[in-house]
Amino acid sequence: MTTEPLPLEGITVVAVEQAVSAPFATRQLADLGARVIKVERPDGGDFARGYDTAAHGLASHFVWANRGKESIALDLKDPRGRDVLHGLLADADVFVQNLAQGAAARLGLDSAALCARYPRLVAVDVSGYGAEGPYAHKRAYDMLVQCEAGLVSVTGTPEQPVKAGIPAADIAAAMYAFSGVLAALLRRGVTGRGGRVEVSMLDALAEWMGHPLHHTMHGGEQPVRTGLAHAVIAPYDAYPTADGDRVLLSVQNDREWRRLAQQVLEQPELADDPAYATNTARTGNREKTDAVVAEALCRLGADEAIGRLEAAGIACARLNSVAQLAGHPQLAARDRWREVGSPVGPLRALLPPIGLPDGAAPHMGAVPALGEHTDDLLRALGMAGAQISELRRDGVIA
């Protein structure tokens, strides 16, 4: 039986990356078969390695965003370290960096310089706010960009804005960098030329803010924060059940409201009551609408509530914890879990969301230790053992 190659097999990516945005982008490339060489500082490496020790002693962010890569520890401030990097770039297809604004240029690693030197190279710059403008040199961490992009202003309760519980700005930038690389490689296949791909966290998250942004620009009012409720649909919220769980339900149209009233709430008279019969009426009468739904569901266990809602054709979900996600029956039934290697042994990891043609298995390689592949990569560049020892003695590599 012939095994189909992965889509990016034969593509080499060199990444001077840290934290989440660039590493998560290059992990997607690694999953699709690219060889990803991660360049880290000798003195501790990617600082995300030190965020926590939750993954059996490793940092959970790092484990999530860095499987399947080779780690080389280089001091890029030393000319010898930069020479090694250029040795890697000579055969690379993609270069990705998310250093602080201006740092890549100071090292001669800006996309303009690299694309001039390596015309087939796709050079990716991931930044907080972009290379120009008054915010170009501001520090840009995920929560800061969530605030600047207005995400925090539409997330939370009427009384309290809150950040997203995941690094939404980092992930947004990562996924646009990932898709940008794929588009640039397709173009290179036609033209033979690489070129620059630029993604900023603010630009990416501002795009994700499309609904509230257009609602505000064209409607004149910002959507209000409604906690788990929907700003313009009711009922669409999570309601407590008799066994202490919470069940979220969503009524998308007035036909569904009739079914909810008749089959779940067991109050058929509400189906045509002018106070509830239309979504406009229900959202204008949200407190009473929610109270009616809450009163009915609080008498039911979560399983019974879910059963009634599904029988009535009403969209619903359990309000799961992260631990419940890890044990989710749908993920188990679809065989979505695998194990990946790491310096502390095997770790559970989800399959990538992209299903590949012909059922090809994604590459889910090990999480690398800092500098784990330094010697192998240097030897592949033709460096002798004495040279390697000298660079390690001088702190240029680790």
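Please refer to the structure higher up on the page.
In what follows, the accompanying structure is described.

Definitions and cut-offs
- Residues numbered from 1 in each chain as written.
- Predicted model: local features only at pLDDT ≥ 70, side-chain atom pairs only at ≥ 80, totals over all residues.
- Heavy atoms only, no water.
- Buried < 20%, exposed > 50% of the residue type's maximum accessible area, 1.4 Å probe, protein only.
- Helix = DSSP H or I, 4+ residues; strand = E, 2+ residues; numbered from the N terminus.
- Pairing = 2+ DSSP bridges.
- Right-handed = clockwise from strand over helix to strand, strands pointing away.
- Core = buried A, V, L, I, M, F, W, Y, C linked by side-chain atoms within 4.5 Å.
- Contact = heavy atoms within 4.5 Å.
- Phe/Tyr/Trp six-rings, centres within 6.5 Å; stacked < 30°, edge-to-face > 60°.
- Lys NZ or Arg CZ within 6 Å of the ring centre and 35° of its normal.
- Polar contact = N/O pair within 3.5 Å; in protein donor to acceptor, adjacent residues only side chain to side chain.
- Disulfide = S-S within 2.5 Å.
- Axes fitted to C-alpha atoms, helices over the stretch in contact; angles between N-to-C directions.
- Parallel < 35°, antiparallel > 145°, perpendicular 65-115°, else oblique.
- Left-handed = near helix turned anticlockwise from the far one by under 90°.
- Salt bridge = Lys/Arg side-chain N within 4 Å of Asp/Glu carboxyl O.

All right, on to the pairing of strand S3 (residues 69-73) then. Taking burial as the measure, the five residues of S3 include five buried ones, the bulk of the element. Direction of pairing for strand S2 (residues 35-40) relative to S3: parallel, over a ladder of five bridges. Looking at S3, one finds that Val36 is bridged to Lys69. Of the crossover connections in this fold, the one passing from S2 over helix H2 (residues 60-65) to the parallel S3 is right-handed.

Let's shift gears to unusual backbone geometry. Residue Ala234 is joined to Pro235 through a cis peptide bond whose omega torsion reads -5°. Tracing the chain through its elements places Pro235 in the loop between helix H9 (210-219) and strand S7 (236-240). You will see that Ala19, though not glycine, has its phi angle at about 65°, which is positive. By secondary structure assignment, the location of Ala19 is in the loop between strand S1 (12-16) and helix H1 (21-31).

Within the largest apolar cluster, 44 residues are counted, with the highest numbers of intra-cluster contacts made by Val13, Val94 and Val124. Those elements giving two or more residues to this core turn out to be S1, H1, strand S4 (94-97), strand S5 (122-127), helix H7 (168-191), strand S6 (195-200) and helix H8 (201-208). In terms of residue count, H7 provides more of this core than any other element does, eleven residues in total. Ignoring anything within four residues of it in the chain, the contact list for Val94 reads Ile11, Thr12, Val13, Val14, Leu121, Val122, Val124, Val181 and Leu185. The next biggest cluster of nonpolar side chains, apart from the first, holds 28 residues, and it includes Leu74, Tyr118, Leu378 and Ile397.

To continue, consider the environment of Asn285. In this structure, Asn285 sits in the loop between helix H11 (279-284) and helix H12 (286-297). Sequence separation between Asn285 and Gly313 is 28 residues, and the spatial gap between their C-alpha atoms is 23 Å. Those residues in contact with Asn285 that lie beyond four places of it in its chain are Ala275 and Tyr276.

Now for the pairing of S7. Sheet topology note: the S7/strand S8 (residues 246-250) ladder contains five bridges and is antiparallel. Bridge pairing links Asp237 to Leu249 in S8. Between S7 and S8, which pair antiparallel and follow one another directly, the connecting turn spans five residues, one of which, Gly244, has a positive phi of 90°.

This brings us to the packing of aromatic side chains. All chains considered together, the criterion is met by four aromatic pairs. Their ring planes at 35° and their centres at 4.6 Å tell us that Phe24 and Trp64 sit as a pair that is tilted. Residue Phe24 is located in helix H1, and its partner Trp64 is located in helix H2; the two are separated by 40 residues in the primary sequence. Accessibility expressed as a relative area gives 9% for Phe24, which makes it buried. Judged by its relative accessible area of 28%, Trp64 is partly exposed. Centre to centre, the rings of Trp257 and Tyr276 are 5.9 Å apart; their planes meet at 20°, and the pair counts as stacked. Here Tyr276 lies in the loop between helix H10 (254-264) and H11 and Trp257 lies in helix H10, a separation of 19 residues in the sequence. Residue placement shows Arg348 over the ring face of Trp337; its charged tip is 3.8 Å from the ring centre.

Before going further, it helps to examine the environment of Ser342. Tracing the sequence through the fold places Ser342 in the loop between strand S10 (337-340) and strand S11 (347-350). Linking Ser342 and Gly68, residues 274 residues apart in sequence, is a C-alpha distance of 9.8 Å. Residue contacts for Ser342: discarding those within four places in its chain leaves Leu58, Leu347, Ala366 and Val367. One polar contact links the side chain of Ser342 to the main-chain carbonyl oxygen of Gly345, over a distance of 2.6 Å.

Bringing the state of the cysteines into the picture now. In protein structure, a disulfide is the covalent linkage between the sulfur atoms of two cysteines. Using the criterion set out here, one finds zero disulfides in the structure. Cysteine Cys298 remains unbridged, with the sulfur of Cys316 as its closest cysteine sulfur at 17 Å.

This paragraph deals with the packing of H1 against H7. At their nearest, the axes of H1 and H7 sit 8 Å apart, and the two run at 40° to each other. Classified by the interaxial angle, the pair formed by H1 and H7 is oblique. Like other packed secondary-structure pairs, H1 and H7 cross with a definite hand, here right-handed. Listed contacts from H7 to Ser21, Phe24, Ala25, Gln28 and Leu29 of H1 are Asp170, Ile171, Ala173, Ala174, Met175, Ala177, Phe178, Val181 and Leu182.

A few words now on the pattern of salt bridges. Going through the model one piece at a time under the given rule, you end up with 25 salt bridges. Note that Arg35 and Glu70 form a salt bridge whose closest N and O atoms lie 2.6 Å from each other. A residue pair is termed long-range when its members are at least 10 positions apart, and Arg35 in strand S2 and Glu70 in strand S3 qualify at 35 residues. Judged by its relative accessible area of 18%, Glu70 is buried. The residue Asp254 makes a salt bridge to Arg282 at a minimum N-O spacing of 3.1 Å. Linking Asp254 in helix H10 with Arg282 in helix H11, this pair joins segments that are 28 residues apart in sequence. Each of Asp78, Arg80, Glu390, Arg393 and Asp394 takes part in one network of salt bridges that share partners.

Any link to function would need more than the numbers given here.
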